[in-house]
Each structure stands twice: as structure tokens, then as C-alpha cells.
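# Residue-level structure breakdown
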Amino acid sequence: MKTLVPASLGLTVVLLSGCAMMGPSYEPDTDYQLTILHTNDHHGRFWRNSDGEYGMSARKTLIDAIRAEVEAEGGEVLLLSGGDINTGVPESDLQDAEPDFLGMAMLEYDAMAVGNHEFDNPRDVLMKQADWAGFPFLSANIVYKDNGRHLFEPYEMFNVQGNRVAVVGFTTEDTVKIGNPEYIGDLDFLTPSVVAQDLIPELDEKSELIIAVTHMGHYANGNYGGNAPGDVTLARSVEGIDVIVGGHSQNPLFEPDVQNGTLIVQAHEWGKYVGRLDLTIRNGEIASYEYDLIPVNLKEDDQLLRPEIAQNLEMLAMLAPYQQAGSAALDTVIGSADGDFIGDRSVVRNQPTNLGTLIARAQRVKAQGDVAIMNSGGIRADLEGGDISYKDVLTVQPFANGLVYVDFSGAELLDYLDVAASKQAGSGAFAQFDGINLRITDGEVTRAIVNGREVDPSQTYRLVVNSFMASGGDGYPQINNHPNFVNTGFIDADVIVEYIEDNSPLQASDYNPGLSVVRR
Ligand SMILES: [Zn+2]
């Protein structure tokens, strides 16, 4: 049985799901054109930003134009996503990313890798999202612990003018490290390269082309540091993967990284770019390729050399009510507090406050860290007692910085603390702490107690900060290049919202910094 993708879409890609595989039916010595379009790490950006950058309505115009061009030349398009559609924009998060998945359905995505952030919501939400999407969510390495069955299909077969194309999904093992145990406790995340050892040769038997759509990260030369192994490691671990369409590390790859004969691509994040890989297939192999990472109305990029991409009005009309509903939902009460939390800049930049402690603690708890440090310049307002709304939290933390951590030796932690302690009162760099008792004498750390003990230079400690600080912001040491650095992908405001939801009513006195930092 073969199922045609709805003819109204004008596609001739044929799905061959769950049936006996037919042999190849392409003509020998004939060129076939397959264009792979791809995005990844959408993270709730269904709507363009205030500068008119990215957004799904411009993406639709762009993709429609490329489809028309490719099909006019007799080629075909596969549109793939490297996953992480969820989490990052409250207007999307508060609606379970419904606009995002409906938008992807309108864009006619063919398949998606399951990303770690797809597990930020309960399972019934994820399954609802798969329904909204209507295209397959793929992951070959996520299985139920009890029976070993896949949560989603491991792969999907497509037929491109007689060329059989296998699209197989893989998901980062780090999902268990940074995911919510409540939502993934019944699942095993197997090692992708181990699963690939068996699966890729099997797919090789029944396909001409193997595309892995992954959410594992691209780490140059396979240096994945504190992360789980990524696309480069996967490509090197097995023969036969022709293309890896990746995600998770959220880096733009302006040229495919060719590893062990595999073309690895990734399109940054948020739909800022659409990747376009034009393949010429001859005798069941890639004969040649061209690549372009196309910016979607980016204002400070090579977009300046490209014409503005118009909004697709049909997409805009579908999304606009969600944008309005999302904005309205920001007024929803998420919790309450029995007293005020102090974030006023004249105070928070000069002394430890309960709001500084609250934010640092929420981040430390989320990342299961030992110590959290928050730059006071990232705290923009008081959080008043009484009911608290999402909007109140966004007023306090408007910058949408990421939650990141690094596993430091005690010696490295002490060096970092010396810098943090030296930040002058009155500056935005001034540090707010949680998880540590510090004595600071003349701007230097003279005693540091973590988990009830003096910091041991040879022990390991997890330090949690925000992505701004990790990149060297406010003069903090750059740690996002440390081998043990991990970006959780969670947004600061979301982290505190979740913490308030879980701990309301907040007792302001529980967050009194008291004597945890003594300056002399
Ligand atoms: Zn991710």
C-alpha cells in the first residue's frame, strides 16, 4: 500500500509507511533533484520579533517560493525540523505551542526529530502536539523502559521519483540530564551511535539515501565536552548516513560539515534561517550538492544583501489570534507571595536581597546545582507580595537569558567566586548568591561554605548562572567554552515561573539572604 501525500499539496513524495519495501525504481545514469529544507530549535518563535525578524509567516513565503522553484525544475522538496519546537516564549508556552505546530503543519513539514524540550510538558501535551503537527515525530533511540518499544517511529520512508529515502530520528541522551524526571521517568534514551550500528545498515538495505534528522548538537571535530555526543560523533560512528539535519547546539553552519562522508547541517535557531541543501542524486548516490543558509529578515546579517521576505497573509491570519491570546494569558496568576521581594536597582545592586536569592535559588534548583550566582543588573523590578502573574515575572526578568551550568573543580569555583566577590556595589555586575555562605574581606573571598563544608579544591561543584554571564557579560569569566559547560535551553523567566508555581505561596522570609554573604 502506498499513501500519497495529499495531492492538493502538489507533492509527489510518496510515504511508504509500515509496508513491504519495494526495490528502487529510479532510472540509471539519470540525475534526480532533491532539496532538503530545514530548521531547528524553533523554541516558540511562531511570531516575528519586534524588529520584524524571523517568524513563521515570512518562513512560509520563503519556503513556498523555494518549493515552486524546485518543482518547476522537476525536483522535490523534503522539509525537516531538528526539533525543540517547545519552550522559550511565554505566548507559545502558555498555549502548549499550538500555534507553532499548526504553523508547521501549514508549512508542510515532512518529519521532525524529537528534541529534549519536547519533554518539558506532560506526555499528553506532547501527543496532542503530534496530532496538531500531522507529520511524523521521529526518534530511534527513545524507548519505553518496560517493554523496549519506541515512543515514536524510529524512521519514515519516502520515495523521491523512485529513489527510496529513509529519514531516521535521533535525540540527545542529555534529555535525561536536563529534563523533568516526572515526564521522562518511563523512558530510556539509548546511545544514538549504538542504535545506529544496527539500524543504519538495515536502512541501507532498503533505501538509496539515509537522512538522519537529529537533536544532538553539532560540536566541532566531535569535541562535545560536558554534553552528550553530537552529530559529528554519530557521523563518525557508522557508515551510510548521507545527511544529518541537526539541532540542539543552536549554531549556524554556513557550510555543511563533512564527516566520514556525511553532510552535517544545522540552521541556528528560532527560524532565523532556513537551510537549503540541493542534492543531485544519481544511481542512488549524492553526485553533488549546493548549500545555502537563508536568513529570514535578519537585520544585522547578510540579509542586508537580500530582499525583505513578505509575510504570508494566510499564515498571519492563522497565527494572529494565538499571539493575542498569548499576550492576554500573561496576566494569568501563576502564584503568590506573603511579602515583597526586592529588585529595585538602588537596592539590589548594592546588597544581597530576597529577590536575588529567590532567582538564584530557582535557577540552582532547576539545574540541580550546588551554587547559583545572579548578576543584579539582570533584575529589573520588585516582585510585590500578593498574586503574581507571568507578566510580573517578565518585568523582573525581561531579557530571556538561558539557564546554564558548569561542573567546576573546587579550585575553579574559588577562582570564579573571587571574580564574583570583586564586583562593585552599585554596578549591574554585583552578585546575588544562593547555595553558599561567603565571607568576603576587602573584595576577596576568605571563606566559602557549600553544602555545609568549606569548598574543597579537589571536589566537583555545579555552578549555575545565566547565559549572559557565561558569555563573559558584566565582566564575569567566560565559561561557555569550558569543557563541562551545559546550556539547559531553559529561559530565566520560565525557570522562576515554574519555581513560583511549585512553591506558592512564597514566604518572603525563606529568601532572606541574612548572613550568607558577609562583607568586611
Ligand atoms: Zn535541545
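Within any chain, residue numbers begin from 1 and follow the written order of that chain's sequence. Since the coordinates come from a predicted model, pLDDT governs what is reported: local features require at least 70, and pairs of side-chain atoms require 80 or more to be given and counted, while whole-chain, interface and lining totals use all residues. Water and hydrogen atoms were dropped before computing side-chain values, which therefore reflect all heavy atoms in the structure.

### Examining helix α15 (residues 492–503)
- The helix and strand labels rest on DSSP assignments: H or I over at least four residues marks a helix, E over at least two residues marks a strand, and numbering proceeds from the N terminus. Here, expected helix span is obtained from the residue count minus one, scaled by 1.5 Å. Between its first and last C-alpha atoms α15 spans 17 Å; for 12 residues at 1.5 Å apiece the expected length is 16 Å, and the two agree.
- Each residue is assigned to one of three classes by its accessible area relative to the maximum for its type, calculated with a 1.4 Å probe on protein chains only: buried under 20%, partly exposed between the two thresholds, exposed over 50%. Taken as a whole, α15 has its buried residues at Asp492, Ala493, Asp494, Val495, Ile496, Val497, Tyr499 and Ile500.

### Some details on the nonpolar core
- Residues belong to a common nonpolar core when they are buried Ala, Val, Leu, Ile, Met, Phe, Trp, Tyr or Cys residues joined through side-chain atoms within 4.5 Å. One finds Phe101, Met104, Phe119 and Phe137 to be the most contacted residues of the largest nonpolar core, which totals 39 residues.
- No other element matches the six residues that helix α1 (residues 56–72) contributes to this core.
- By the convention used here, residues are in contact when the closest approach between their heavy atoms is within 4.5 Å. When residues no more than four places from it in sequence are discounted, the contact partners of Phe119 are Val114, Leu126, Ile142, Leu151, Thr175, Tyr183, Ile184, Leu187 and Phe189.
- The next biggest cluster of nonpolar side chains, apart from the first, holds 35 residues, and it includes Val348, Val393, Val464 and Phe490.

### Observations regarding the coordination of the zinc ion
- Here a donor is any nitrogen, oxygen or sulfur atom (N, O, S) within 2.8 Å of the metal, with 3.2 Å used for Na, K and Ca; water is not among the atoms considered, so some sites may look incomplete. Donor atoms from the polypeptide that coordinate the zinc ion comprise Asp84 (OD), Asn116 (OD1), His215 (NE2) and His248 (ND1), at 2.1 to 2.2 Å from the metal.
- Around the zinc ion sit four donor atoms; with metal-centred angles ranging over 82 to 169°, the donor geometry is irregular.
- In primary-sequence terms, the residues that donate to the zinc ion follow D-x31-N-x98-H-x32-H. With a gap of 164 residues between them, Asp84 in the loop between β4 (76–81) and α2 (90–93) and His248 in the loop between β12 (243–245) and β13 (257–259) connect regions that are remote in the sequence. The rule is simple: four donors are tetrahedral if all their angles sit between 85 and 135 degrees, four are square planar and six octahedral if opposite donors span more than 155 degrees and the others lie between 65 and 115, and anything that fits none of that is irregular.

### Considering helix α13 (residues 410–421)
- Its 12 residues place the ends of α13 16 Å apart at the C-alpha level, agreeing with the 16 Å of an ideal helix rising 1.5 Å per residue.
- All of the buried residues along α13 are Gly410, Leu413, Tyr416, Leu417, Ala420 and Ala421. Buried residues of α13, seen end-on, are gathered within an arc of 135° and therefore sit on one face of the element. Starting at the helix axis, one direction is taken to each C-beta atom, and the arc is that of these directions.

### What to know about the layout of surface pockets
- Whether a set of points on the 1 Å grid over the protein atoms alone is a cavity depends on a 1.4 Å probe fitting there but being unable to get out, while an open set qualifies as a pocket with protein on both sides within 12 Å along at least five of seven lines; lining residues are those with an atom within 4 Å of a point. Grid points are joined across faces, edges and corners, and a volume is the space filled by probe spheres set on the points. Empty space within the second largest pocket amounts to approximately 810 Å³.
- Considering the residues around the second largest pocket, the lining is formed by 30 residues, among which Asp120, Lys366, Asp494, Glu498 and Glu501 are closest to the centre.
- Among the secondary structure elements, those contributing two or more residues to the lining of the second largest pocket are α2, α5 (175–178), α6 (181–184), α11 (354–366) and α15.
- Looking at which element gives the most residues to the lining of the second largest pocket, the answer is α15, with eight residues.
- Start and end positions for the domains come from either an automated domain assignment or a database one. Per-domain counts for the lining of the second largest pocket show at least three residues from each of domain 1 (3–326) and domain 2 (333–519).

### Quick look at unusual backbone geometry
- With an omega of -5°, the peptide bond running from Ser504 to Pro505 counts as cis.
- Summarising the element assignment, Pro505 is placed in the loop between α15 and β27 (517–519).
- We note that His248 has phi near 85°; this positive angle belongs to a residue other than glycine.
- Phi is positive for Gln368, close to 50°, though the residue is something other than glycine.
- Structurally, Gln368 can be placed in the loop between α11 and β18 (371–375).
- Classification of Gln368 by relative accessible area gives exposed; the value is 53%.

### Here we look at the packing of α11 against α15
- To define axes, lines are fitted to C-alpha atoms, for helices over the stretch in contact only, and angles between the resulting N-to-C directions are given on a 0 to 180 degree scale. With their axes 9 Å apart at the nearest point, α11 and α15 run at an angle of 90° to one another. By the angle between their directions, the pair α11 and α15 is classed as roughly perpendicular. Here Leu358, Ile359, Arg361, Ala362, Gln363, Val365 and Lys366 of α11 lie close against α15, whose contacting residues are Asp492, Val495, Ile496, Glu498 and Tyr499.
- Nonpolar residues are Ala, Val, Leu, Ile, Met, Phe, Trp, Tyr, Cys and Pro. Charged residues are Asp, Glu, Lys and Arg, and all others, Gly as well, are polar. Taken together, the residues that form the contact of α11 with α15 break down as seven nonpolar, one polar and four charged. Roughly parallel means an angle under 35 degrees; roughly antiparallel, over 145; roughly perpendicular, 65 to 115; everything else is oblique.

### Describing the packing of aromatic side chains
- Note on aromatic contacts: the rings of Phe and Tyr and the six-membered ring of Trp form a pair at centre separations within 6.5 Å, being stacked when their planes are under 30 degrees apart, edge-to-face when over 60 apart, and tilted otherwise. Inspection of the entire model under this criterion finds 12 aromatic pairs.
- Among the aromatic side chains, those forming a connected cluster through ring pairs are Phe101, Tyr109, Phe135, Phe137 and Phe152.
- Definition used: whenever NZ (Lys) or CZ (Arg) falls within 6 Å of the ring centre and also within 35 degrees of the ring normal, the charge is taken to sit over that ring. One Lys or Arg, Lys423, reaches over the ring of Tyr476 and ends 5.1 Å from the middle of that ring.
- Its end group placed over the ring of Tyr405, Arg462 keeps NZ or CZ at 3.9 Å from the ring centre.

### Remarks on the domain arrangement of the protein
- Each assigned domain of the protein is listed with its residue range as follows: domain 1 (3–326) and domain 2 (333–519).
- Contacts between domain 1 and domain 2 engage 13 residues on the former and 13 residues on the latter.
- N or O atoms closer than or at 3.5 Å make up a polar contact, with two conditions inside protein: a donor-capable atom paired with an acceptor-capable one, and, for residues adjacent in sequence, both atoms drawn from side chains. Across the contact surface, domain 1 and domain 2 share two residue pairs in polar contact (both at pLDDT 80 or more).
- Elements with a minimum of two residues in the side of domain 1 that touches domain 2: α2 and α5.
- Residues of the side of domain 1 that touches domain 2, tallied by class, amount to three nonpolar, seven polar and three charged.

### Thoughts on a negative patch on the surface
- On the surface, a cluster of negative charge is made up of Asp340, Asp344, Asp382, Glu384 and Asp392.
- As for its position among the elements, Asp344 is in the loop between β17 (333–337) and α10 (345–348). Every patch collects residues that have over 30% relative accessible area and no salt bridge, joining them within 9 Å if they carry like charges and within 5 Å if they are nonpolar side chains (Val, Leu, Ile, Met, Phe, Trp, Tyr). For accessible areas, the Shrake-Rupley method is used with a probe of radius 1.4 Å. Any residue's cover is judged against the shown protein chains and nothing else. The term salt bridge refers to a pairing of a side-chain nitrogen on Lys or Arg with a carboxyl oxygen on Asp or Glu at a separation within 4 Å. Charged-residue counts in this description rest on Lys and Arg as positive and Asp and Glu as negative, His and the chain ends being excluded. A single reference atom marks each charge: NZ on Lys, CZ on Arg, CG on Asp, CD on Glu.

### Some words on the sheet that holds strand β23 (residues 444–450)
- Whether two strands pair depends on DSSP finding at least two bridges between them. The four strands are arranged β24-β23-β22-β27 in an open sheet whose pairing can be described as mixed. Two strands close off the open sheet at either side, each with one partner strand: β24 (453–454) and β27.
- The pairing of strand β22 (residues 437–441) with β23 spans five bridges and is classified as antiparallel. Looking at β23, one finds that Asn437 is bridged to Ile449.

### Focus: the side chain of Asp242
- Inspection of the secondary structure puts Asp242 in the loop between α8 (231–237) and β12.
- No salt bridge is formed by the buried Asp242; the nearest opposite charge belongs to Arg164, separated by 11 Å.
- In terms of polar contacts, Asp242 uses its side chain to reach the backbone amide nitrogen of Ile210, at 2.8 Å.
- Aside from chain neighbours lying at most four places away, what touches Asp242 is Glu208, Leu209, Ile210, Gly261, Thr262, Leu263 and Ile286.

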